[in-house]
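Here is how the chains run, residue by residue.
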Number of protein chains: 4
Amino acid sequence: MSTSSGRPRSIHADQAILQATLDLLAEVGYESMSIEAIASRAGVGKTTIYRRYTSKEELVADAIESLRNDLAIPDTGSFWGDMDIVIKNAAKKIDSPLGRQTLALIISTASSNPQFAEVYWTKYTKLRREAFAKVLERAKSRGEINDNADVDLIIDLVSGSLYYALIFKPTTEPVEAYMRRTIDILMKGVGSGEMASLREKGKG
Amino acid sequence: MSTSSGRPRSIHADQAILQATLDLLAEVGYESMSIEAIASRAGVGKTTIYRRYTSKEELVADAIESLRNDLAIPDTGSFWGDMDIVIKNAAKKIDSPLGRQTLALIISTASSNPQFAEVYWTKYTKLRREAFAKVLERAKSRGEINDNADVDLIIDLVSGSLYYALIFKPTTEPVEAYMRRTIDILMKGVGSGEMASLREKGKG
Amino acid sequence: MSTSSGRPRSIHADQAILQATLDLLAEVGYESMSIEAIASRAGVGKTTIYRRYTSKEELVADAIESLRNDLAIPDTGSFWGDMDIVIKNAAKKIDSPLGRQTLALIISTASSNPQFAEVYWTKYTKLRREAFAKVLERAKSRGEINDNADVDLIIDLVSGSLYYALIFKPTTEPVEAYMRRTIDILMKGVGSGEMASLREKGKG
Amino acid sequence: MSTSSGRPRSIHADQAILQATLDLLAEVGYESMSIEAIASRAGVGKTTIYRRYTSKEELVADAIESLRNDLAIPDTGSFWGDMDIVIKNAAKKIDSPLGRQTLALIISTASSNPQFAEVYWTKYTKLRREAFAKVLERAKSRGEINDNADVDLIIDLVSGSLYYALIFKPTTEPVEAYMRRTIDILMKGVGSGEMASLREKGKG
DNA sequence: TGCTAATCGAGACGGTACGTCAAGTCTTAAG
DNA sequence: CTTAAGACTTGACGTACCGTCTCGATTAGCA
């Protein structure tokens, strides 16, 4: 067994690899990006990459993860106040060339590669969802949202529709407006008055 | 000019290529599927494939498109009656190895390839959305759904969340149950009673 | 069997094929010349070529054979007078792109294909050698050449060295000068004076 | 600068490639021999071949060159003594199935492929010619050959006529006898006595 | 201070698949 | 029944990367 002997891994190489990966990701996209190109760009031997990562997915997941900035959970005192910040944060991330590229990459990779999907989910998505969930729970406790509303499902709807729109209808309105509409319709519901009354009665 | 001269394209080859593509898609998946394997399986020269399609995406898109069955728009007289059929149709498609493969492929390709996204959207998605929209419009005219509900956005939410769940949470509940929950929460809305009352007043 | 029924072979196609073959032979060379290019250049279907020739060699052999012009045996009264004409005829043939191409082709094919070598020898080479031999025999009878000189061997030496030089030293002097030097050295011999004297004595 | 960095070229691969090339050359001939077949036979990737050679010609030239045994320049003290050895060496090479096959191949390739001709010339032919030239120069200094005899041209004549005969008259006498006759006629010359006298006078 | 062992950049290794090209065969409509 | 056109199967081409494997040259910490 080898505990610590030998030359230690080069931190400089670590960083160069991640940076080169992100650069190429933005330049040529995931599919057209070869390990050899990354190695060359990073000024690193292929071996040095393969010693760290067993697959392109793993490498890319780590590269993207390295971008993760700490996310503060907003607490303005009102649902829409908090949502405003959540929405603006999301929009800031996504409404840029690299942002869309990155998102497309994640969805693309995850959809054809369940392992990546899981890694990405636990490492990245989960944290953001927990932040969103906290905001929703607070809204619940304030009485702004139904007690028995399924928080997880709400997040699915907001995130899912956003991704969907970005993939299939990329030229339409800005992210911020779209998200606002999404949450609005979710809050109000689309059922007619009678049904709403029914619901109210059922509650009472 | 070449209007009709020369040996015509072989219809048999057309079909053999598409069938081999679908078979391999289900067997080894999109990434591991090589053009050479398709040609070999179809008993066809590579040239014959390249004469028809310039890329794997194009070929696969056509293969999937060839699967498209005609979709009848249900009209049972009630919203949930119609939805039951819509949901079951969707579930039948998606809840199979090939179905999930295919969906993953489409999302994967579309997210990293805007051209494909557009082609697929106009050729395929649009038709299904129009069917869904019709069901929603009928529900509106029956008073089961709010007059001013944004039909397009509803479809985004239902489709988007479904795709999202399939990609990132593939092991959970069946498609049918998930969709039912989605539509349910959308109908009722998550806003609290007061807000619902507000909404009613605003309408009045 | 059908002797004459149906549409007759097109004589125009015959000629167009041969001409296109010769053109391309001169332009791109034997190896880089494709049947498809010949067909296209001749305005003819590939089938039409394959109906007439079973191989590229056969086609090219026929094309070259079609060029063969009748050769008159010179008789100027002196060895070097005759040789002048022989040499100039040879040079005229060989010192052109097509000529060198053709020669290369013949040697290439003949050296790897004894059947072709034999056919070509009897159909073509023999006639030229007989003309050359006649010139040499006349020189003998005039006393310009040794009585017991081996005419066949002389022709071998002159032809062989010419071919050899064209293949391996193609960029040097013109054919005419080279041949003149060849024949000159052959006439004089390279043996030193003593040996020449010895030879003279042996003769006497 | 890259003097020694990276994994060194495999000598084993070098040899395997050359051997496979020679084997296939003898078995199927130059034209029908594919790089892929060579790679497969040698147990080597195609890349490994293309890393070493940019063309089939280059590879084949090297393979043939590898057969070259060291040629000692004979020095027996007399022209015919040296020539005996030169002739016997040549005959030994050519008078075998592989020898003729190889020679045919070389001529065939060289005549239709100037690049090969040049490579082969500088790598192989030149050395043998230099050996032959040395023998001739020594004969000159011994007075057995004319001072002003064109050594290069003599070699052309001897080599050229031999190749010529092997291609076009393959069934005749053995190589050894033919070469002896060639050199003999060259030594003596074919010009008549008067011309020989003229030559002597010109010299005096 | 010198030894040991893992790391480094570099690049060759045996392979797979790519997309292109030409080969020779087959099939059509037109003559 | 031949023609021109062009699609067919086959198979080699040369290129790009894959993931693995040497190399000689650095680096640490342990002795």
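This part takes up the pattern of salt bridges. If the charged atoms of two oppositely charged side chains come close together, the side chains can form a pair. Following the criterion strictly, the structure yields 72 salt bridges over all chains and no others. When the shortest N-O distance is used, the salt bridge between Asp156(D) and Lys169(C) registers 2.8 Å. Taken as a pair, Asp156(D) in helix H8 (residues 151-168) and Lys169(C) in the loop between helix H8 (151-168) and helix H9 (175-188) lie in two separate chains rather than in one. Accessibility classification places Asp156(D) together with Lys169(C) in one group, the buried group.

Lys169(A) sits in the buried class, given a relative accessible area of 16%. Side chain to side chain, Lys169(A) and Asp152(B) meet in a polar contact 3.4 Å long.

Let us now look at the relation of the copies chain A and chain B. The operation relating chain A to chain B is a screw motion whose rotation component is 180°, with 0.1 Å of axial translation and a residual RMSD of 0.6 Å. As the rotation angle and translation indicate, the two copies are arranged about a two-fold axis. For chain A, the smallest separation between a C-alpha atom and the rotation axis is recorded for Gly189(A), amounting to 1.5 Å. A share of 100% of interface residues in chain A that are also interface residues in chain B marks the association as one of identical surfaces.

What follows is about the protein's contact with DNA strand F. In the vicinity of DNA strand F there are 44 residues, among which Arg7(A), Tyr50(A), Thr48(B), Thr48(C) and Tyr50(D) approach most closely. Of all DNA strand F atoms lying within 4 Å of any protein atom, the proportion belonging to sugar or phosphate reaches 63%. Lys46(A) is positioned such that a nitrogen or oxygen atom in its side chain is 2.7 Å from a base oxygen of DNA strand F. Counting residues per element, the surface near DNA strand F draws most heavily on helix H3 (residues 46-52) of chain B, at five residues. Here the residues of the surface near DNA strand F are counted per class, giving nine nonpolar, 20 polar and 15 charged.

Residue and element names in this part refer to chain D. Across the interface, helix H1 (residues 11-28) lies against helix H2 (residues 35-42) with an axial gap of 8 Å and an inter-helix angle of 125°. One finds that H1 runs oblique with respect to H2. Along this stretch, H1 crosses H2, giving a crossing that reads as right-handed. Here Ala-16, Ile-17, Ala-20, Thr-21, Asp-23, Leu-24 and Glu-27 of H1 lie close against H2, whose contacting residues are Ala-37, Ile-38, Arg-41 and Ala-42. Of the residues that constitute the contact of H1 with H2, the class distribution is seven nonpolar, one polar and three charged.

All names here are of chain A. Scored by pLDDT, chain A has a mean of 85; 91% of the residues are at 70 or more. At the level of individual helices and strands, chain A shows its lowest average pLDDT in helix H10 (residues 193-203), which scores 46, and its highest in helix H2 (residues 35-42), which scores 97. Low pLDDT, under 50, characterises residues 195-204; the predicted model gives this stretch 13 contacts beyond four residues in sequence or across chains.

Think of interface size as the accessible area that goes away when the parts come together; that is how it is often given. All names here are of chain A. Annotation of chain A at the domain level lists domain 1 (11-65) and domain 2 (79-203). Between domain 1 and domain 2, the C-alpha centre-to-centre distance is 31 Å. Between domain 1 and domain 2, the contact holds 10 residues from the first and 11 residues from the second. The tally of links between domain 1 and domain 2 comes to zero salt bridges. Connecting domain 1 to domain 2 are zero residue pairs in polar contact (both at pLDDT 80 or more). Top contributing element to the side of domain 1 that touches domain 2 by residue count: helix H4 (residues 56-65), with six residues.

Let's shift gears to the interface of chain A and chain B. Facing the 51 residues of chain A at the interface are 51 residues of chain B. The largest share of the area that chain A buries against chain B comes from Tyr164(A), Phe168(A) and Val190(A), three residues that together contribute 16% of it. The interface formed by chain A and chain B includes six salt bridges. Counting every contact that joins chain A to chain B gives 19 residue pairs in polar contact (both at pLDDT 80 or more). Of all elements in the fold, only helix H6 (97-112), helix H7 (114-141), helix H8 (151-168), helix H9 (175-188) and H10 of chain A reach the threshold of two or more residues within the side of chain A that touches chain B. Here the side of chain A that touches chain B takes 13 residues from H8(A), the largest share from any one element.

A separate point is helix H1 (residues 11-28) of chain C. Residues and elements named next belong to chain C. A rise of 1.5 Å per residue sets the reference length of H1, with its 18 residues, at 26 Å; its end C-alpha atoms lie 26 Å apart and thus fit the reference within 8%. Taken together, the buried positions of H1 are occupied by Ala-13, Ala-16, Ile-17, Leu-18, Ala-20, Thr-21, Leu-22, Leu-24 and Leu-25. Of the residues one or two after H1, Gly-29 is the one with positive phi, at around 90°.

All names here are of chain B. Residue placement: Arg-180 occurs in helix H9 (residues 175-188). The class for Arg-180 is partly exposed, based on a relative accessible area of 25%. Ignoring anything within four residues of it in the chain, the contact list for Arg-180 reads Trp-80, Asp-84 and Ile-87. Looking at Arg-180, its side chain comes within polar contact range of the side chain of Glu-176, at 2.9 Å.

Turning our eyes to something else, we now look at the nonpolar core. In this structure, Ile49(A), Phe168(A), Ile49(B) and Phe168(B) are the most contacted members of the largest nonpolar core, which totals 132 residues. Here Phe168(A) is in contact with Ile106(B), Ala110(B), Ala117(B), Tyr120(B), Trp121(B) and Tyr163(B), once residues within four sequence places are set aside. One finds Ala133(C), Leu18(D), Phe116(D) and Tyr163(D) within the second-largest nonpolar core, a separate group that totals 131 residues.

With that settled, the discussion passes to the environment of Gly99(C). Residue and element names in this part refer to chain C. Mapped onto the fold, Gly-99 is located in helix H6 (residues 97-112). Gly-99 sits 74 residues away from Leu-25 along the chain, and the two C-alpha atoms are 9.9 Å apart. Ignoring any residue separated from it by four or fewer positions in sequence, one finds Gly-99 in contact with Lys-93 and Ile-94.

Each value, and the rule that gives it
- Residues numbered from 1 in each chain as written.
- Chains lettered and ligands numbered in written order.
- Predicted model: local features only at pLDDT ≥ 70, side-chain atom pairs only at ≥ 80, totals over all residues.
- Heavy atoms only, no water.
- Salt bridge = Lys/Arg side-chain N within 4 Å of Asp/Glu carboxyl O.
- Helix = DSSP H or I, 4+ residues; strand = E, 2+ residues; numbered from the N terminus.
- Buried < 20%, exposed > 50% of the residue type's maximum accessible area, 1.4 Å probe, protein only.
- Polar contact = N/O pair within 3.5 Å; in protein donor to acceptor, adjacent residues only side chain to side chain.
- Least-squares fit on C-alpha atoms with pLDDT ≥ 70 in both.
- Contact = heavy atoms within 4.5 Å.
- Near = heavy atom within 4 Å.
- Nonpolar A, V, L, I, M, F, W, Y, C, P; charged D, E, K, R; others polar.
- Axes fitted to C-alpha atoms, helices over the stretch in contact; angles between N-to-C directions.
- Parallel < 35°, antiparallel > 145°, perpendicular 65-115°, else oblique.
- Left-handed = near helix turned anticlockwise from the far one by under 90°.
- pLDDT = per-residue confidence, 0-100.
- Domains from an automatic or database assignment.
- Buried area = accessible area lost by both parts, 1.4 Å probe.
- Expected span 1.5 Å × (residues − 1).
- Core = buried A, V, L, I, M, F, W, Y, C linked by side-chain atoms within 4.5 Å.

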